[in-house]
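Chain and residue survey
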Amino acid sequence: MAPRGPGGPTSLVPCAAALLLALGVERALALPEICIQCPGSVQNLSEVALFCKQTPKLMLHARCCLNQKGTILGLDLQNCSLKDPGPKFFQAHTAIIIDLQANPLKDDLVNTFHGFTQLQTLILPQNVSCPGGISAWNTITSYSDNQTCQGQRNLCNSTGDPEMCPENGSCAPDGPGLLQCLCADGFHGYKCMRQGLFSLIVFFGILGSTTLSISILLWGTQRRKAKAS
């Protein structure tokens, strides 16, 4: 049998293994920082793990449940000694379920969840209130070791105040107990009262002409000083 050359199939195996390893390391490094903020991984019997295993095409990585695009749909930071979720917490604004129990969290978490419009289940320490209170959730259940907030409500549908947003704006949810007013297409500015697109051409035209005028003035001043000397 003729000996296999350096480019034979056998020599390709280590190369393929190295490539797969490199891809695996790259994928691990691409994890959102909030997923590795706390050591360890999602506990097998946690609500986040159950959600991830019961939903097709989701994967558990470190403290997160991710879809195939790497979007966070579940976050388990229980028992991480957190007093505050931290500045990277917004990376999980796409999450449907978040577990923060067994942490010494502060009680007021309303502003922490700005933009968490997809959140449907939030598990907190027993002494921490659900952000937005009962008006922001369909169900709030207290247990001996945690408090569970379920079914985020759309406050735009429950305020009953049609004049909450200006005439050219519309109400939109912005997280538990939070809402925002968005200007309709073609409107912008204070109370959405300005109509038409903001003109970048005009803005940069004014900026450019001002800069040019100052440059000419400075050049003239320097030239006079040079002649005087």
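This structure is a prediction, so every number in the text was calculated from the model and none was measured. (Residues numbered from 1 in each chain as written. Predicted model: local features only at pLDDT ≥ 70, side-chain atom pairs only at ≥ 80, totals over all residues. Heavy atoms only, no water.)

Topic: the overall build of the protein chain
Counting its secondary structure elements, the protein chain contains 3 helices and 11 strands. Helices (α) and strands (β) of the protein chain occur, in sequence order from the N terminus, as α-α-β-β-β-β-β-β-β-β-β-β-β-α. Long-range pairs, those at least 24 residues apart, make up 35% of the contacts in the protein chain between residues at least 6 apart in sequence. Approximately 14,800 Å² of the protein chain is accessible, and the part contributed by carbon and sulfur atoms is 59%. (Helix = DSSP H or I, 4+ residues; strand = E, 2+ residues; numbered from the N terminus. Contact = heavy atoms within 4.5 Å. Areas by Shrake-Rupley, 256 points an atom, 1.4 Å probe, with all protein chains shown as cover.)

Here's the deal with the nonpolar core
Core analysis: the biggest nonpolar cluster contains 28 residues, and Ile-98, Leu-100, Phe-113 and Leu-122 have the highest contact counts within it. Of all elements in the fold, only β2 (64-66), β3 (72-76) and β5 (121-125) reach the threshold of two or more residues within this core. Residues in contact with Ile-98, not counting those within four places in the same chain, are Leu-75, Phe-89, Ala-92, Phe-113, Phe-116, Leu-119, Thr-121, Leu-122 and Ile-123. In this structure, Val-42, Ala-49, Cys-52 and Leu-58 belong to the second largest nonpolar core, which totals 8 residues. (Core = buried A, V, L, I, M, F, W, Y, C linked by side-chain atoms within 4.5 Å. Buried < 20%, exposed > 50% of the residue type's maximum accessible area, 1.4 Å probe, protein only.)

Description of the state of the cysteines
By the definition in use, this model includes 7 disulfides. The residue that forms a disulfide with Cys-165 is Cys-181, at a sulfur-sulfur distance of 2.0 Å. Taking the sign of the S-S torsion, about -80° here, the bridge from Cys-165 to Cys-181 comes out left-handed. Taken as a pair, Cys-165 in the loop between β7 (146-152) and β8 (169-173) and Cys-181 in strand β9 (residues 179-183) lie far apart in primary sequence, 16 residues in all. With a relative accessible area of 11%, Cys-165 lands in the buried category. (Disulfide = S-S within 2.5 Å.)

Thoughts on helix α2 (residues 47-54)
Along α2, the positions that sit buried rather than exposed are Val-48, Ala-49 and Cys-52. Across the axial projection of α2, the buried residues extend over an arc of 100°, all falling on one side. Where α2 is buried, its residues contact β1 (59-61), β2, β3 and β4 (97-99). (Arc of directions from axis to C-beta.)

Quick look at the pattern of salt bridges
According to the stated counting rule, one finds 1 salt bridge in the structure shown. Notably, a salt bridge pairs Asp-84 with Lys-106, separated by 3.3 Å at the nearest N-O pair. In this pair, Asp-84 sits in the loop between β3 and β4 while Lys-106 sits in the loop between β4 and β5, placing the two residues 22 residues apart along the sequence. For Asp-84, a relative accessible area of 36% translates into the label partly exposed. (Salt bridge = Lys/Arg side-chain N within 4 Å of Asp/Glu carboxyl O.)

With respect to the layout of surface pockets
Counted as a void, the largest pocket has a volume near 240 Å³. Forming the walls of the largest pocket are 15 residues, and the residues nearest its centre are Ser-46, Glu-47, Asp-99, Gln-101 and Ile-123. For the lining of the largest pocket, the secondary-structure elements that each account for two or more residues are α2, β4, β5 and β7. Per-element accounting of the lining of the largest pocket gives the leading share, 3 residues, to β7. Among the residues making up the lining of the largest pocket, the classes are represented as 5 nonpolar, 8 polar and 2 charged. (1 Å grid on protein atoms, 1.4 Å probe; cavity = no way out; pocket = protein on both sides within 12 Å on 5 of 7 lines; lining within 4 Å. Points joined across faces, edges and corners; volume = space filled by probe spheres on them. Nonpolar A, V, L, I, M, F, W, Y, C, P; charged D, E, K, R; others polar.)

Quick word on the pairing of β9
Note: β8 against β9, 5 bridges, orientation antiparallel. Residue pairing for β9: Ser-170 is matched across the bridge by Leu-182. In textbook terms, the turn of a hairpin is the stretch between consecutive antiparallel strands, and for β8 and β9 this stretch comprises 5 residues, one of which, Gly-175, has a positive phi near 120°. (Pairing = 2+ DSSP bridges.)

Topic: the side chain of Gln-147
With respect to the helices and strands, Gln-147 occurs in strand β7. At 2.7 Å, the side chain of Gln-147 forms a polar contact with the backbone oxygen of Val-128. Here Ser-142 takes part through its side chain, which lies 3.3 Å from a polar atom of the side chain of Gln-147. In this structure Gln-147 touches Leu-122, Ile-123, Leu-124, Pro-125, Gln-126, Val-128, Ser-129, Cys-130, Ile-140, Thr-141 and Ser-142, once residues within four positions along its chain are discounted. (Polar contact = N/O pair within 3.5 Å; in protein donor to acceptor, adjacent residues only side chain to side chain.)

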